[in-house]
Amino acid sequence: MDRLAQLRQFIGKEFTASPSPFMKWLNPIVISVEEGHLEFQYTVRPEWLNPMGNLHGGVTAAIFDDVIGATMFSLNEKTFIVTINNSIDYFSTAKENDNIVAETKIIKRGKQFVNAECEIWNADKSRLIARGTSNLFKINN
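As the structure is a prediction and not an experimental result, all values here were calculated from the model.

All right, on to the pairing of strand S6 (residues 128–139) then. As paired strands, strand S3 (residues 80–90) and S6 are joined by 10 bridges and run antiparallel to one another. Across the sheet, residue Val82 finds its bridge partner in S6, namely Phe137. With 9 bridges connecting them, strand S5 (residues 113–122) and S6 associate as antiparallel partners. For Glu117, the partnering residue across the bridge sits in S6 and is Thr133. Connecting S5 to the next strand, S6, in antiparallel fashion are 5 residues, including Lys125 with a positive phi near 60°.

Within a sheet, adjacent strands bond to each other through the backbone by hydrogen bonds, running parallel or antiparallel. Taken together, the 6 strands give an open sheet; going across it, the order is S1-S2-S4-S5-S6-S3, and neighbouring strands pair in antiparallel fashion. Edge positions in the open sheet fall to strand S1 (29–34) and S3, since each of these has one partner strand only. The mean angle between the axes of side-by-side strands here comes to 20°, regardless of whether they run parallel or antiparallel. In terms of strand pairing, strand S2 (residues 37–43) meets strand S4 (residues 99–109) through 5 bridges, oriented antiparallel. By the bridge assignment, Gln41 is partnered in S4 with Val101.

Here the focus is the UniProt feature "domain: Thioesterase" (unreviewed entry) in the protein. This chain's UniProt record puts "domain: Thioesterase" (unreviewed entry) on residues 52–125. Secondary structure content for residues 52–125 is 23% helix and 43% strand, and the end C-alpha separation is 23 Å.

Conventions and cut-offs
- Residues numbered from 1 in each chain as written.
- Predicted model: local features only at pLDDT ≥ 70, side-chain atom pairs only at ≥ 80, totals over all residues.
- Heavy atoms only, no water.
- Pairing = 2+ DSSP bridges.
- Helix = DSSP H or I, 4+ residues; strand = E, 2+ residues; numbered from the N terminus.
- Axes fitted to C-alpha atoms, helices over the stretch in contact; angles between N-to-C directions.
- UniProt positions renumbered as here; feature names shortened; annotations may be inferred.

Right, dumping it as structure tokens:
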């Protein structure tokens, strides 16, 4: 089974088959899956908060990086694709038990490099929490 089909099997469920132990810890629910475009939902947990009780920027960045990694997984490339850099702008906050949605898309898919975007929203997508881009590089395993 290809990776895209594997991801699609989890729509509406936790992505327990992720090869990433970190993603398993983040525990996303797969909302939608297309090649190069994913939506995952997360529930903000107490250990994800900063001292002010808001979603920690580092956790936001980790979600961003991890869901973009899953987006690379959806491309069914024969090579492994690694992050070169992430650039993230923070616009709003989330609180404990809030559901947030991370949505990705591919901006450019070249022979060696991929540029992807991720937006993180509140549950009904009425408030943007963070948006950024990532540059990735294709390497041989």
